[in-house]
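Given next are the chains, with one letter for each unit.
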Amino acid sequence: MWGGRFTDRPDAIMEEINVSIDVDRHLYAQDIAASKAHAAMLAAQGIITANDAKNIGKGLDTILSEIGAGKFTFKRALEDIHMNVESRLAELIGPAAGRLHTARSRNDQVATDFRLYVRDVLDETDAALAAFQQALAERALEQADTVMPGFTHLQTAQPVTFGHHLMAYVEMAARDRGRFQDARKRLNESPLGAAALAGTSFPIDRAATAKKLGFDRPMANSLDAVSDRDFVLETLAAASICAVHLSRFAEEIVIWTSPLVGLIRLSDKFTTGSSIMPQKRNPDAAELVRAKTGRVIGALNGLLIVMKGLPLAYQKDMQEDKQGAMEGFAALSLAIRAMTGMVRDLVPEPDRMRAAAGEGYATATDLADWLVRTLKMPFRDAHHVTGRIVGLAAKAGVALHELPLKEMQAVEPRISKEALAVLSVESSVKSRTSYGGTAPKNVRAQAKAWLKRLEKERKLG
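Residues numbered from 1 in each chain as written. Predicted model: local features only at pLDDT ≥ 70, side-chain atom pairs only at ≥ 80, totals over all residues. Heavy atoms only, no water.

Visitor: For this particular structure, what's the right way to read the overall build of the protein chain?
Guide: Helix and strand counts for the protein chain come out as 18 helices and 6 strands. Expected size for 461 residues packed as a compact globule is a radius of gyration near 23 Å; at 30 Å, the protein chain overshoots this value by more than 25%. Dimensions of the protein chain along its principal axes, counting C-alpha atoms only, are 100 × 55 × 40 Å. Per-residue burial over the protein chain gives 47% buried out of 461 residues. Restricting to contacts in the protein chain with at least 6 residues of sequence separation, those with at least 24 account for 76%. Taken as a whole, the protein chain presents about 22,900 Å² of accessible surface, with 54% of it coming from carbon and sulfur. Each charge sign in the protein chain was given a centre, from 60 positive and 56 negative side chains, and these centres are 5 Å apart. (Helix = DSSP H or I, 4+ residues; strand = E, 2+ residues; numbered from the N terminus. Rg over C-alpha atoms; globule rule 2.2 N^0.38 Å. Buried < 20%, exposed > 50% of the residue type's maximum accessible area, 1.4 Å probe, protein only. Contact = heavy atoms within 4.5 Å. Areas by Shrake-Rupley, 256 points an atom, 1.4 Å probe, with all protein chains shown as cover. Lys, Arg positive; Asp, Glu negative; His and termini not counted. Charge placed at Lys NZ, Arg CZ, Asp CG, Glu CD.)

This is the structure in structure tokens:
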């Protein structure tokens, strides 16, 4: 490839550090699609003949089929996917293959290929997250009345419903999808035709290739077009936040499935055993989702570090933009699918959930609210009164609703038997009817609304 300027072969170490085909071979479909669009445009502009463009297109289709069938031989000596495809194209159609690279560089070529690849990743991730939301909303509707403890500081705080807890992750996934969709909008500009860095003197039609490849428009600055990797960074940033959400849920599953807690069970499908302890059932799928988050965040950090000191325009450092990103995207994809499977697989333990929901005086806030609502007591005073009553219950070793009314009245004489009715966990969750609250009717309405929205999205395609 460098025969016109170089006379000696590169050192073996140079070849090894320079080669990228092991990674960028995954861009083959995008590379061929961009090359076909480029060849068609060159012919339309009279830069190459229609016959050459036709032969180039047929040859590229043949190569696409060969790679798809596993019959293509990738050669490390040719460095990257671009030169492997071009070399094979020359074998298939002869000298006309050399015309394909007119008015473009590997710089804009790889930038285009990788944008197309990341765009595909974004579309696949959105679909996977929609399936995750579907699973969550279906289970939330099913578990709208199942009472469980709500936590702050990992301490029992107030009763909630299991359906409400699951719906929280539907909302997180919605924000994740929004970030990915925003990233896709900014990504969707075409670098093709920027050439090496300065554009080209050939009368190309960049708008035509952009349209052919599904981009909204060509990128406006040729220097930016070949050197920008914001689209990868932004996607990895969104992926990192998404992975953190999945990891938080995975951590809860690990805790909840512990026999010490016992709020849910997972089947054999998403657990493993021990090589030495026959009784063990380990939540390995959840633990590995937790670990995959490090892969995704690491990919973002790695690329940020690669890019942080690079002057315009293209630098060879940018060859390191793909491997970490591809591994990060693959890790996230697997994590989403694993979490979707666990959501569908998990079995709640409603009796244990209800018992745990009442532990730790979880309905104390309901008593304080009753004092405010019924006795018109300032909340800070009600908080103090309730705290004293909780102290009495703790000293007696009884639940809040089991404390004799006369002992409550010793703290606040105006407390009546009516107050006891608000202290059950069922009453507590039913009372939380404010928008976004845990009341079962709220959960059912939110779950149904999300299922309807997801169904509409599917119909719209």
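That shown, we press on.
Visitor: Help me understand the packing of helix 10 (residues 230–257) against helix 11 (residues 284–307), please; the structure alone is not making it clear to me.
Guide: Helix packing for two helices is described by the angle between their axes and how far apart those axes are. At a minimum axis separation of 8 Å, helix 10 and helix 11 run at an interaxial angle of 160 degrees. As judged from the angle between their axes, helix 10 and helix 11 are roughly antiparallel. For helix 10 against helix 11, the interelement crossing comes out left-handed. Of the residues belonging to the contact of helix 10 with helix 11, the class tally is 19 nonpolar, 3 polar and 3 charged. (Axes fitted to C-alpha atoms, helices over the stretch in contact; angles between N-to-C directions. Parallel < 35°, antiparallel > 145°, perpendicular 65-115°, else oblique. Left-handed = near helix turned anticlockwise from the far one by under 90°. Nonpolar A, V, L, I, M, F, W, Y, C, P; charged D, E, K, R; others polar.)

Visitor: Please explain the packing of aromatic side chains as it appears in this structure.
Guide: Ring pairs (aromatic) are described by centroid distance and by the angle formed between their planes. Applying the stated criterion across every chain, the model contains 5 aromatic pairs. These aromatic residues form a ring-pair network of at least three members: Phe 114, Tyr 117 and Phe 231. The ring of Phe 215 is capped by Arg 119, whose NZ or CZ atom sits 5.0 Å from the centre of that ring. The side chain of Lys 322 reaches across the aromatic face of Phe 114, ending 5.7 Å from its centre. (Phe/Tyr/Trp six-rings, centres within 6.5 Å; stacked < 30°, edge-to-face > 60°. Lys NZ or Arg CZ within 6 Å of the ring centre and 35° of its normal.)

Visitor: What should I look at first to understand helix 3 (residues 28–44) in this one?
Guide: Here helix 3 contains 17 residues, and its C-alpha end-to-end distance of 24 Å stays within 8% of the 24 Å for a straight helix at 1.5 Å per residue. Among the residues of helix 3, those classed as buried are Gln 30, Asp 31, Ile 32, Ala 34, Ser 35, Ala 37, His 38, Ala 39, Met 41 and Leu 42. Where helix 3 is buried, its residues contact helix 4 (50–68), helix 5 (81–93), helix 6 (106–142) and helix 8 (206–212). The first or second residue beyond helix 3 is Gly 46, which carries a positive phi of 75 degrees. (Expected span 1.5 Å × (residues − 1).)

Visitor: Would you mind going over the side chain of Asn 84 with me for this structure?
Guide: Of note, Asn 84 is situated in helix 5. Overall, Asn 84 belongs to the buried group, its relative accessible area being 2%. A polar side-chain atom of Asn 84 sits 2.7 Å from the main-chain amide nitrogen of Lys 75. If we ignore the near neighbours within four places in the chain, the residues touching Asn 84 are Ile 21, Phe 72, Thr 73, Phe 74, Lys 75 and Leu 78. (Polar contact = N/O pair within 3.5 Å; in protein donor to acceptor, adjacent residues only side chain to side chain.)

Visitor: Got a minute to help me understand the packing of helix 11 against helix 12 (residues 323–345) in this structure?
Guide: For the pair helix 11 and helix 12, the least separation of the axes is 8 Å and the interaxial angle reads 155 degrees. Compared by their axis directions, helix 11 and helix 12 come out roughly antiparallel. Helix 12 is crossed by helix 11, and the crossing has left-handed handedness. Residues Ala 285, Ala 286, Val 289, Lys 292, Arg 295, Val 296 and Ala 299 of helix 11 pack against Gly 324, Ala 325, Glu 327, Gly 328, Ala 331, Leu 332, Leu 334, Ala 335, Ala 338, Met 339 and Met 342 of helix 12. For the contact of helix 11 with helix 12, the residue count by class is 13 nonpolar, 2 polar and 3 charged.

Visitor: Would you explain the nonpolar core in this entry?
Guide: Soluble globular proteins: nonpolar side chains tend toward being buried together. Ranked by size, the top nonpolar core spans 73 residues in total, and within it Phe 114, Phe 132, Leu 246, Phe 249, Leu 332, Met 339 and Met 342 carry the most contacts. Among all residues touching Met 339, those that are not within four sequence positions of it are Phe 132, Leu 246, Phe 249, Ala 250, Ile 253 and Val 289. The next biggest cluster of nonpolar side chains, apart from the first, holds 22 residues, and it includes Ala 39, Met 41, Ile 47 and Phe 74. (Core = buried A, V, L, I, M, F, W, Y, C linked by side-chain atoms within 4.5 Å.)

Visitor: How do you make sense of the environment of Ala 194 when you look at a structure like this?
Guide: Topologically, Ala 194 is positioned in the loop between strand 3 (189–190) and helix 8. Setting aside chain neighbours within four positions, we find Ala 194 in contact with Asp 108, Gly 199, Arg 206, Ser 222, Ala 225 and Val 226.

Visitor: Is there a simple way to think about a nonpolar patch on the surface in this case?
Guide: A cluster of nonpolar side chains, Leu 197, Leu 223 and Leu 312, forms an exposed patch at the surface whose accessible area comes to about 260 Å². You can see Leu 197 is positioned in the loop between strand 3 and helix 8. (Patch = residues over 30% accessible without salt bridge, like charges linked within 9 Å, V, L, I, M, F, W, Y side chains within 5 Å. Salt bridge = Lys/Arg side-chain N within 4 Å of Asp/Glu carboxyl O.)

Visitor: Can you walk me through the pairing of strand 2 (residues 155–161) in this structure?
Guide: The side chains of a regular strand alternate between both faces of the sheet. Two strands pair when backbone bridges link them, and strand 1 (residues 147–152) and strand 2 are joined in this way by 6 bridges, in the antiparallel orientation. If you follow Val 147 over to strand 2, its bridge partner there is Thr 161. Linking two consecutive strands that pair antiparallel, namely strand 1 and strand 2, is a turn of 2 residues; a positive phi of about 60 degrees is found at His 153 within it. (Pairing = 2+ DSSP bridges.)

Visitor: What's the story with the pattern of salt bridges in this structure? I'm lost.
Guide: A pair can form between side chains of opposite charge whenever their charged atoms are brought close. For the coordinates displayed, the defined rule picks out 31 salt bridges. Here Glu 16 makes a salt bridge to Arg 76, at a shortest N to O gap of 2.9 Å. In this pair, Glu 16 is assigned in helix 1 (residues 12–18) and Arg 76 in the loop between helix 4 and helix 5, connecting sequence segments 60 residues apart. Glu 79 is the partner of Arg 106 in a salt bridge, and the nearest nitrogen-oxygen pair spans 3.2 Å. Within this pair, whereas Arg 106 is found in helix 6, its partner Glu 79 is found in the loop between helix 4 and helix 5, the two being separated by 27 residues in sequence. Comparing Arg 106 with Glu 79, the two get one shared label, buried. Linked by salt bridges that have partners in common, Glu 66, Lys 75, Arg 88 and Glu 91 make up one network.

Visitor: It is not clear to me how empty space enclosed by the protein should be interpreted in this structure. Could you clarify?
Guide: Picture a little ball the size of a water molecule; that probe, rolled over the atoms, points out where space is still empty. Using the criterion set out here, one finds 2 cavities of 30 Å³ or more in the structure. The space that makes up the largest cavity amounts to roughly 40 Å³. In terms of lining, the largest cavity is formed by Asp 31, Ser 35, His 82, Val 85, Glu 86, Leu 100, Arg 104 and Gln 109. Where the lining of the largest cavity is concerned, the elements lending two or more residues are helix 3 and helix 5. It is helix 5 that provides the largest number of residues to the lining of the largest cavity, a total of 3 residues. The class makeup of the residues in the lining of the largest cavity is 2 nonpolar, 3 polar and 3 charged. Taken together, Leu 129, Phe 132, Tyr 169, Met 172, Ala 173, Asp 176, Cys 242, His 245 and Leu 246 make up the full set of residues lining the second largest cavity. Those elements giving two or more residues to the lining of the second largest cavity turn out to be helix 6, helix 7 (162–187) and helix 10. (1 Å grid on protein atoms, 1.4 Å probe; cavity = no way out; pocket = protein on both sides within 12 Å on 5 of 7 lines; lining within 4 Å. Points joined across faces, edges and corners; volume = space filled by probe spheres on them.)

From the geometry alone we can't say anything about function, so treat these as descriptive.
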